[in-house]
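Close look at the chain arrangement
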Amino acid sequence: MKLYYFKSSCALAPHIALEWAGADYETEALKRSATRSPEFLENVNPYGKVPVLELDDGRKLSQVNAILMWIARAYPEADLGPDDGDDGEIEMEAMLAHFNSDVHTAFTPYFMTHKFTTQEDHQQSVKDAACIEIDFQVGDLEKRMAGRDWMLGDRRSILDAYLFVFCTWGRFVPGLLDARPNLKAFSKRMAADAGVHSALEQQGLL
Ligand SMILES: N[C@@H](CCC(=O)N[C@@H](CS)C(=O)NCC(=O)O)C(=O)O
């Protein structure tokens with residue numbers, strides 16, 4: 001099994017999940033620009049994005065949420081998936097969708113500003129607008145984490161792996177995490193975890 005990623009990307013989430021699952025995997029580090037190379041588009045992911053998880057049978061999974069769910073299901077003993085029952089499943093699907101569609105995309109114009117304006121003198125204005133949405137989304141996550149060690153409350157899950165990505169991105173947004181003690185405590189808890197440490201180390205993020 002092989003995880004394709006580039007440094008500081010959302011591929012850190014499945015990387016952490018693979019560590020937590022105790023999976024036997026390798027990684028392929030790319031440059032961000034390589035995701036648009038003809039070779040990557042043809043052989044790895046036509047969508048031009050990471051993460052991609054290449055399975056042992058050659059299938060290539062894309063989309064953070066699908067990859068996280070695949071890992072949770074493939075390694076049930078790691079207990080990274082939803083709480084039992086339909087409600088647990090639906091709640092996790094809903095939170096993953098929120099993360100992927102709302103929180104993740106709030107950061108995109110901040111880090112990939114060139115995709116949102118072709119004008120050099122508009123770059124700062126795009127970043128400023130992104131900061132307003134990031135602050136709103138991260139503010140909500142801060143409230144959700146009140147009194148909780150993990151997103152699901154008492155046990156870690158694939159949601160925490162994705163939430164941690166937003167915390168690492170948040171460090172690049174001035175002042176974002178300063179008054180957010182719940183997310184700061186969560187980040188500290190994650191950083192102290194052996195699997196998270198290993199994923200960060202492998203990606204050169206320590
Ligand atoms: N919907 C995709 C989004 C993935 C995504 O945004 N990946 C970013 C890194 S965080 C990427 O590869 N960007 C490269 C680009 O857009 O050029 C998913 O869930 O996997």
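Remember, predicted model here, so these are calculated numbers, not experimental data.

Next up on the list: the site of the ligand. Near the ligand there are 13 residues, and of these Ser 9, Cys 10, Lys 49, Gln 63 and Val 64 occur at the shortest range. Looking at the shell around the ligand, its residues break down into 4 nonpolar, 6 polar and 3 charged.

On domain assignment, one finds that the chain holds domain 1 (2-79) and domain 2 (85-193). Between domain 1 and domain 2, the C-alpha centre-to-centre distance is 20 Å. Facing the 11 residues of domain 1 at the interface are 11 residues of domain 2. With 5 residues, helix H3 (residues 64-74) is the single largest residue contributor to the side of domain 1 that touches domain 2.

What follows concerns the pairing of strand E1 (residues 2-6). As defined by bridge partners, E1 adjoins strand E2 (residues 26-30) across 5 bridges and the pair is classed as parallel. Bridge pairing links Leu 3 to Thr 27 in E2. Once the chain exits E1 it traverses helix H1 (residues 12-21) before rejoining the sheet at E2, and the crossover so formed is right-handed. Where E1 meets strand E3 (residues 52-54), 3 bridges bridge the pair, whose relative direction is antiparallel. Note that in E3 the partner of Leu 3 across the bridge is Leu 53.

In an α-helix, one turn spans 3.6 residues; hence positions three or four apart end up facing the same way. Over its 13 residues, helix H6 (residues 158-170) runs 19 Å from end to end, which matches the ideal 18 Å to within 8%, given 1.5 Å per residue. Where burial is concerned, most of H6 is hidden: 12 out of the 13 residues are buried. Listed in full, the buried residues belonging to H6 are Ile 158, Leu 159, Asp 160, Ala 161, Tyr 162, Leu 163, Phe 164, Val 165, Phe 166, Cys 167, Trp 169 and Gly 170. At its buried positions, H6 is contacted by H1, H3, helix H4 (85-111), helix H5 (123-144), helix H7 (181-191) and helix H8 (194-202).

Cut-off values and rules
- The numbers attached to residues start from 1 for each chain and follow its sequence in the written order.
- At least 70 in pLDDT is required for a residue's local features to be given in this predicted model, at least 80 for side-chain atom pairs to be given and counted, and no such filter applies to totals for whole chains, interfaces and linings, which use all residues.
- Working rule for contacts: place C-beta from the backbone, and if it is within 6 Å of a molecule or strand, that residue counts as near it.
- Throughout this entry, Asp, Glu, Lys and Arg are counted as charged residues, while Ala, Val, Leu, Ile, Met, Phe, Trp, Tyr, Cys and Pro are counted as nonpolar. The remaining residues, Gly among them, count as polar.
- Residue ranges assigned to each domain were obtained from an automatic or database domain assignment.
- Two residues qualify as a contact pair if the distance between their C-beta atoms, derived from the backbone, is within 7 Å.
- By definition, any uninterrupted DSSP run of H or I lasting at least four residues is a helix, any uninterrupted run of E lasting at least two residues is a strand, and each is numbered from the N terminus.
- Whether two strands pair comes down to DSSP finding at least two bridges between them.
- Here a crossover is taken to be right-handed if, once the strands point away from the viewer, the path from the first strand over the helix to the second is traced clockwise.
- Expected span, for any helix, means 1.5 Å times one less than how many residues it has.
- In this scheme every C-beta is placed from the backbone, and a residue whose C-beta has 20 or more other C-beta atoms within 10 Å is buried, one with 12 or fewer is exposed, and one in between is partly exposed.

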